[in-house]
Amino acid sequence: MQDFSPPETEAPARPLQTVSLIGSYAPRRCGIGTFTADLSEAMQQARPGVRIRAVALNDRPEGYRYSERVWFELNQHRLGEYHLAAEFLNTAHTDVVCLQHEFGIFGGEGGAFILELLRRLRMPVVATLHTVLRDPEPKYRHVADKLFRQCDRLVVMADRAVEFLTDIYDVPREKIAVIPHGIPDVPFVDPAFYKDQFGVEGRKVILTFGLIGPSKGLENMIRAMPDIVRKHPDAVYVIVGATHPGVLAHAGEEYRLGLQRLAAELGVADHLVWFNRFVELDELTAFLGAADVYVTPYDNEAQITSGTLAYAVGAGKAVVSTPYWHASELLDQGRGHLVPFQNTQALVDTITHLFDHEVDRHAVRKAAYQHGRSMRWSEVAERYLELFEEVRQNRRSHPRPGAIVRKTPADELSEIKLDHLRTLTDSCGVVAHAKATVPDRRSGYVIEHNAGALIALLQAQDHLTIDNAVEFDLLVSRLLSFVDHAYDPEHGRFRQQMGYDRAWDDRAFSEDAHGRALWALGETVARSRVPGHVGLASQLFHDALGACEGFEHPHGLSFSLIGIHAYLRRYSGDADAKRVRATLAERLFERFRLADDPNWPYPNDQVTYAAARLPHALLLSGRWMFRNDMIETALRCLDWLNVVQSADDGGFAPAGTAGGYPRGGVKARFEQAPQEASGAIDANLEAYRVTNRAGYVKRARRCLDWFHGDNDLRVPLYDNTTGGCADRLTPAGASPNQGAEATVAWLLALLSMYEHELLEEAEPTTKAGDDATPAVRKAEPAQPRRAAAS
């Protein structure tokens, strides 16, 4: 029988129920935080039946006292918390995520941590781009490209941003929505109504508000004030806003005080009124209401969004601005006046004209206010909600396969435990040795152990949720202080050994120890988030750098080079550091070339301690100096070393410290040291970054497994109950003692694998085949890739 029943239809989609915004959030004092809070409140008022919630990013461990709108907090510097936030949003059945993106509020290189969160989300994502860079640095371009691909739609606030996205980043136009910056709905009032609240009644008020910093160009407006005051003695310039937290952290109130000195020198201090605080919306509305002219005298064009400008236009102010990108667009068609950058006379002429011609001033005000009607938060919220419905429908009609989430470091690597390192650390530094797990005070302190512990802590901070940041920073400070104290300015070298009585043994210096100390300083400069630590480490690094030029021993050269490369990650333009790097790299390379023997491509006649650090340092130098000859030599040595340091089953089996491996002799099998595995991991991971051959990663993993029992005796050296590591693998098993050198070596090995996993998840690449496995491969290494510039 023919079936005349109606065809089955797709079940209607349920209405939008939950939206979650991700960004900084009020009361955190930043423009993004204010925007996120205002947008969430406006959307809640527009759709009372929809749950509007927020994931707030904290820039300090204690967070903030948020409203109940915030349902999840994460520390912006802790990668693991981004993973937890994604899991929370997925299990909370969030319909749409609205990301507020600004590079500076996310952790990781170029703000890359947010990519980890987005990649794990199962719902559509709409990103509001508060910054679109025209000429991004490579790290920002890398993050931006991935972010734009991961999001369903991108929201910008100006047409110029659309041009940047399509022309520079190749984003399809249909993926971009233009929604203006929201503004409060304020009446069009006579400025005289508000002036008595601020003691400026009867005066002509020029206003600037927002977070204060050098890029705001306020000095140009202050320089214009003498000429303005000569024509209008009743003029007053009101500056409202606290100093930007980033500026305050690095330079204090230097900029504001300089502006105040400038005003005094020009004789207009009495015509400036300062309100040095972050103001809430009600008070801000009153300040805007009191203004006759609003000024944004920014120094350059590179600002695609300005919330303060949007607020001024929406309040119907006569705006005078330099032609940065957002201003050029928003003040078009008579909605304001543009003046050239850093042109004081143009500011004088334009502002005095507005004061002298009230009809013109009111015409500008009315044009701005009328345009601002479409920018009210109620209008903006509706446009966002309509966009959310659209992306939900599009995802429903064109479902995308779920992202294949590789195991994270926390899933497949051991937990990072600093417990035993803390046990070994007292008020002076890290005690060198231990009797079992108890610090042996008689052993005193060694610069290499304290330097290594400092490196480990700085690496760990990106992978741990630190409950007490103050305590953690104090621990870092203590180790940095030890390194500083070890430096002998008379000789320009680091002392190596200190007794428990705090007396230094000044009998000898070590190139090796000096290089390791330099490494720790370089990592402090590259990784620390504490300005004081960076400043001290940078100064000490330069003080100690000169001594390296006299080094001859391959280990001293290698550790110094590794430290210099760490330093250059932050200050890549430091010509002196680059010059010393070139000198040391050539000297190390010459040592390798003198060992021109295919059967012994190692620069010493004996393979002893930290053997892999030598090819590791040469690989780094070749990669960042664009020296393929160095890279090829280093890879040849590393491939040979990987074979030499292998057991019959391909596992890691380094030469023992009781005899090492002399040329033409027999490799000592026991007293194997953890630092050999740690160095081999770093060298192999660097070889992978240079060649993209997966075998090097496998080799690094076998070296890490050595700590867990993949060794000659099948006994673990790492103790997961204490977080410590056995000093040696002896013929009788793992040493019962868990000293500083072994524990630091374990932490450095583990953290290197964590960082490798993080980089691989942020930038997955196509791996070469397994034939590159160094433990069995004896062919010539593949041609290395050329590295990007340092």
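Note that the coordinates shown come from a computational prediction; the quantities given were computed from them, not determined experimentally.

### Notes on the overall build of the protein chain
Each helix and strand counted, the protein chain has 28 helices and 24 strands in total. Relative to the compact-globule value of 28 Å for 790 residues, the protein chain shows a C-alpha radius of gyration of 31 Å, a close match. In terms of overall dimensions, the protein chain has C-alpha extents of about 100 × 95 × 45 Å along its principal axes. Every one of the 790 residues in the protein chain was classed for burial, and the buried ones make up 58%.

### Concerning empty space enclosed by the protein
If you walk through the whole model with that rule in mind, you get 5 cavities of 30 Å³ or more. In this model, the largest cavity occupies a volume close to 190 Å³. Only helix 18 (447-460), helix 20 (511-527), helix 26 (674-691) and helix 28 (740-762) provide two or more residues apiece to the lining of the largest cavity. Element by element, the count of residues in the lining of the largest cavity is highest for helix 18, at 5 residues. In terms of residue class, the lining of the largest cavity is built from 8 nonpolar, 5 polar and 4 charged. Reported here for the second largest cavity is a volume of approximately 70 Å³. As for the second largest cavity, its lining consists of Val 186, Pro 187, Val 189, Tyr 194, Thr 285, Leu 288, Gly 289, Ala 315, Lys 317 and Arg 365.

### Considering the environment of Leu 638
Here Leu 638 lies in helix 25 (residues 628-644). We classify Leu 638 as buried; its relative accessible area is 0%. In this structure, the C-alpha to C-alpha distance between Leu 638 and Ala 42, residues 596 residues apart in sequence, is 60 Å.

### Considering helix 26
Between its terminal C-alpha atoms helix 26 stretches 26 Å, which fits the 26 Å expected from 18 residues at 1.5 Å a residue. For helix 26, a buried count of 17 out of 18 residues is recorded, marking the element as mostly surrounded by other parts of the structure. Asn 692 sits one or two residues past helix 26 and shows a positive phi near 65°.

### Looking at the state of the cysteines
Here, disulfide denotes a covalent bond that connects the sulfur atoms of two cysteines. One pass over the full model with this rule turns up 0 disulfides. Counting only cysteine sulfurs, Cys 151 is the nearest neighbor of Cys 98, a cysteine outside any disulfide, at a range of 9.6 Å.

### Brief notes about the pairing of strand 12 (residues 318-321)
By the alternation rule, side chains of strand 12 split into Ala 318 and Val 320 and Val 319 and Ser 321, which are all buried. Sheet topology places strand 11 (residues 293-296) next to strand 12; 4 bridges connect them, and they run parallel. Across the sheet, residue Val 295 finds its bridge partner in strand 12, namely Val 320. As for the winding sense of the linkage, the β-α-β connection from strand 11 through helix 11 (residues 307-314) to strand 12 is right-handed.

### Observations regarding the pairing of strand 8 (residues 204-209)
With respect to burial, strand 8 is a largely interior element, 5 of its 6 residues being buried. Summarising the sheet, strand 8 and strand 9 (residues 235-240) pair through 6 bridges and their orientation is parallel. Within strand 9, the position partnered with Lys 204 by the bridge is Ala 235. Taken together, strand 8, helix 7 (residues 218-231) and strand 9 form a β-α-β motif whose crossover is right-handed.

### Focus: the environment of Thr 344
Considering the arrangement of structural elements, one finds Thr 344 in helix 13 (residues 344-356). In this structure, the C-alpha to C-alpha distance between Thr 344 and Asp 227, residues 117 residues apart in sequence, is 9.6 Å.

### Considering the nonpolar core
Core analysis: the biggest nonpolar cluster contains 115 residues, and Phe 494, Ile 564 and Phe 707 have the highest contact counts within it. Sequence-distant contacts of Ile 564, that is, excluding residues within four places in its chain, are made with Leu 518, Phe 541, Leu 545, Ala 577, Val 580, Arg 581 and Leu 584. Core analysis: the next-biggest nonpolar cluster, separate from the first, contains 58 residues, Met 43, Val 96, Met 157 and Val 240 among them.

### Notes on the packing of helix 22 (residues 554-570) against helix 24 (residues 613-625)
Packing of helix 22 against helix 24 brings their axes to within 8 Å, and their N-to-C directions diverge by 45°. The orientation of helix 22 with respect to helix 24, classified from their angle, is oblique. The two elements helix 22 and helix 24 meet at a crossing, and its hand is left-handed. Contacts between helix 22 and helix 24 involve Pro 554, His 555, Ser 558, Phe 559, Leu 561, Ile 562 and His 565 on the former and, on the latter, Arg 613, Leu 614, His 616, Ala 617, Leu 620, Ser 621 and Trp 624. Classifying every residue of the contact of helix 22 with helix 24 gives 8 nonpolar, 5 polar and 1 charged.

### Regarding the confidence of the model for the protein chain
With 92% of its residues at a pLDDT of 70 or more, the protein chain shows a mean pLDDT of 88. This model gives residues 1-11 a pLDDT under 50, and the stretch forms 2 contacts once residues within four places in sequence are excluded. pLDDT under 50 marks residues 401-411. Its contacts with residues more than four places away, or in other chains, come to 19 contacts.

### Some details on the sheet that holds strand 10 (residues 272-275)
The sheet built from 6 strands is open, its strands ordered 10-9-8-11-12-13 with parallel pairing. Sheet topology places strand 10 and strand 13 (337-338) at the edges, where each strand pairs with a single neighbour. Two strands pair when backbone bridges link them, and strand 12 and strand 13 are joined in this way by 2 bridges, in the parallel orientation. Across the sheet, residue Ser 321 finds its bridge partner in strand 13, namely Leu 338.

### So, the pattern of salt bridges
All chains considered together, the criterion is met by 40 salt bridges. Beyond isolated ion pairs, a larger network of salt bridges with shared partners links Asp 185, Arg 373, Arg 376 and Glu 379.

### As for the sheet that holds strand 4 (residues 96-101)
Read from one edge to the other, the open sheet built from 7 strands follows the order 3-2-1-4-5-6-7, with strand pairing classed as parallel. For this open sheet the edge positions go to strand 3 (70-75) and strand 7 (176-178), each flanked by a neighbour on one side alone. Mean inter-strand twist for the sheet, computed between neighbouring axes without regard to direction, equals 20°. Bridge count for strand 1 (residues 18-23) against strand 4 is 4 bridges, and the pairing is parallel. Looking at strand 4, one finds that Leu 21 is bridged to Cys 98. Helix-sheet contacts for helix 5 (residues 159-167) involve strand 5 (125-129), strand 6 (153-156) and strand 7, and the interaxial angle to strand 7 is about 170°.

### Here's the deal with the packing of helix 26 against helix 27 (residues 694-708)
Where helix 26 meets helix 27, the closest approach of the two axes is 8 Å, and the angle between their N-to-C directions is 165°. As summarised for this structure, helix 26 and helix 27 are arranged roughly antiparallel, according to the angle between their axes. With respect to the hand of their crossing, helix 26 and helix 27 are arranged in left-handed fashion. Across from Pro 674, Ala 677, Ser 678, Ala 680, Ile 681, Asn 684, Leu 685, Ala 687, Tyr 688 and Thr 691 in helix 26, the residues of helix 27 making contact are Ala 694, Tyr 696, Val 697, Arg 699, Ala 700, Cys 703, Leu 704, Trp 706 and Phe 707.

What counts, and at which threshold
- Residues numbered from 1 in each chain as written.
- Predicted model: local features only at pLDDT ≥ 70, side-chain atom pairs only at ≥ 80, totals over all residues.
- Heavy atoms only, no water.
- Helix = DSSP H or I, 4+ residues; strand = E, 2+ residues; numbered from the N terminus.
- Rg over C-alpha atoms; globule rule 2.2 N^0.38 Å.
- Buried < 20%, exposed > 50% of the residue type's maximum accessible area, 1.4 Å probe, protein only.
- 1 Å grid on protein atoms, 1.4 Å probe; cavity = no way out; pocket = protein on both sides within 12 Å on 5 of 7 lines; lining within 4 Å.
- Points joined across faces, edges and corners; volume = space filled by probe spheres on them.
- Nonpolar A, V, L, I, M, F, W, Y, C, P; charged D, E, K, R; others polar.
- Expected span 1.5 Å × (residues − 1).
- Disulfide = S-S within 2.5 Å.
- Pairing = 2+ DSSP bridges.
- Right-handed = clockwise from strand over helix to strand, strands pointing away.
- Core = buried A, V, L, I, M, F, W, Y, C linked by side-chain atoms within 4.5 Å.
- Contact = heavy atoms within 4.5 Å.
- Axes fitted to C-alpha atoms, helices over the stretch in contact; angles between N-to-C directions.
- Parallel < 35°, antiparallel > 145°, perpendicular 65-115°, else oblique.
- Left-handed = near helix turned anticlockwise from the far one by under 90°.
- pLDDT = per-residue confidence, 0-100.
- Salt bridge = Lys/Arg side-chain N within 4 Å of Asp/Glu carboxyl O.

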